[in-house]
Amino acid sequence: MVLRDSKYGLFYGCSNYPKCKATHGAHKKSGKPLGIPADKKTKKARMRAHDAFDQLWKDKHMSRSEAYGWMQEAMEMSEDEAHIGRFTEDQCDKLEVLVEEYLEELDDK
């Protein structure tokens, strides 16, 4: 992967572009990779996990920082580990289930 710039900001793109079109996010200022690069299947799992997780704070069940604290505890992870951009497929699946269970408990109240 090679650090590149676009009208949307820094990102990592495959060094073999256009044959390979893989990309990975980068911090806007430092260019450091966001999380760990993943294959297409893991990337899709991370997107699903984020969609599920983001409901916790976007739907105002808790603040964003509380949601990340909840994820750390629920996933039994340290603060450094609890980033969806670092998750495996299995971890994404587990987070989706945990969020679903949490939201179901809220509905039961």
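Let me begin by describing the structure that accompanies this report.

Once that is clear, we can look at the overall build of the protein chain. For the protein chain, the count of helices and strands is 3 helices and 3 strands. Along the chain direction, N to C, the helices and strands of the protein chain fall in the order β-β-β-α-α-α. Counting only C-alpha atoms, the protein chain reaches 50 × 25 × 25 Å along its principal axes. Looking at the protein chain as a whole, 26% of its 109 residues qualify as buried. Considering only residue pairs separated by 6 or more positions, the protein chain has 31% of its internal contacts joining residues 24 or more positions apart. Taken as a whole, the protein chain presents about 7,900 Å² of accessible surface, with 49% of it coming from carbon and sulfur. The distance from the centre of the 19 positive side-chain charges to the centre of the 21 negative ones in the protein chain is 14 Å.

Counted according to the given criterion, the structure contains 2 salt bridges. Ionic pairing is found between R48 and D93, a salt bridge with its closest N-O pair at 3.9 Å. Here D93 lies in helix α3 (residues 89-108) and R48 lies in helix α1 (residues 40-58), a separation of 45 residues in the sequence. Residue class for R48 comes out partly exposed when judged on its relative accessible area of 40%. Of the residues examined, D93 reaches a relative accessible area of 34% and is grouped as partly exposed. It is possible to trace a salt-bridge network through shared partners that takes in R48, D93 and E96.

Here we come to the sheet that holds strand β1 (residues 2-6). Strand order in the open sheet formed by 3 strands is β1-β2-β3, and the pairing between neighbours is antiparallel. With one partner strand each, in any of the chains shown, β1 and β3 (23-25) form the two edges of the open sheet. Averaged over all pairs of adjacent strands, the angle between their axes in this sheet comes to 40°, without regard to strand direction.

For the rest of this paragraph, the subject is α1. Here α1 is 19 residues long and its end C-alpha atoms lie 26 Å apart, about the 27 Å a rise of 1.5 Å per residue gives. T42, A45, R46, A49, A52, F53, D54 and L56 are the residues of α1 that are buried. On its buried face, α1 is in contact with α2 (64-75) and α3. Of the residues one or two after α1, K60 is the one with positive phi, at around 65°.

Reading guide: rules and limits
- Residues numbered from 1 in each chain as written.
- Predicted model: local features only at pLDDT ≥ 70, side-chain atom pairs only at ≥ 80, totals over all residues.
- Heavy atoms only, no water.
- Helix = DSSP H or I, 4+ residues; strand = E, 2+ residues; numbered from the N terminus.
- Buried < 20%, exposed > 50% of the residue type's maximum accessible area, 1.4 Å probe, protein only.
- Contact = heavy atoms within 4.5 Å.
- Areas by Shrake-Rupley, 256 points an atom, 1.4 Å probe, with all protein chains shown as cover.
- Lys, Arg positive; Asp, Glu negative; His and termini not counted.
- Charge placed at Lys NZ, Arg CZ, Asp CG, Glu CD.
- Salt bridge = Lys/Arg side-chain N within 4 Å of Asp/Glu carboxyl O.
- Pairing = 2+ DSSP bridges.
- Axes fitted to C-alpha atoms, helices over the stretch in contact; angles between N-to-C directions.
- Expected span 1.5 Å × (residues − 1).

Worth remembering: the numbers are spatial, not functional.
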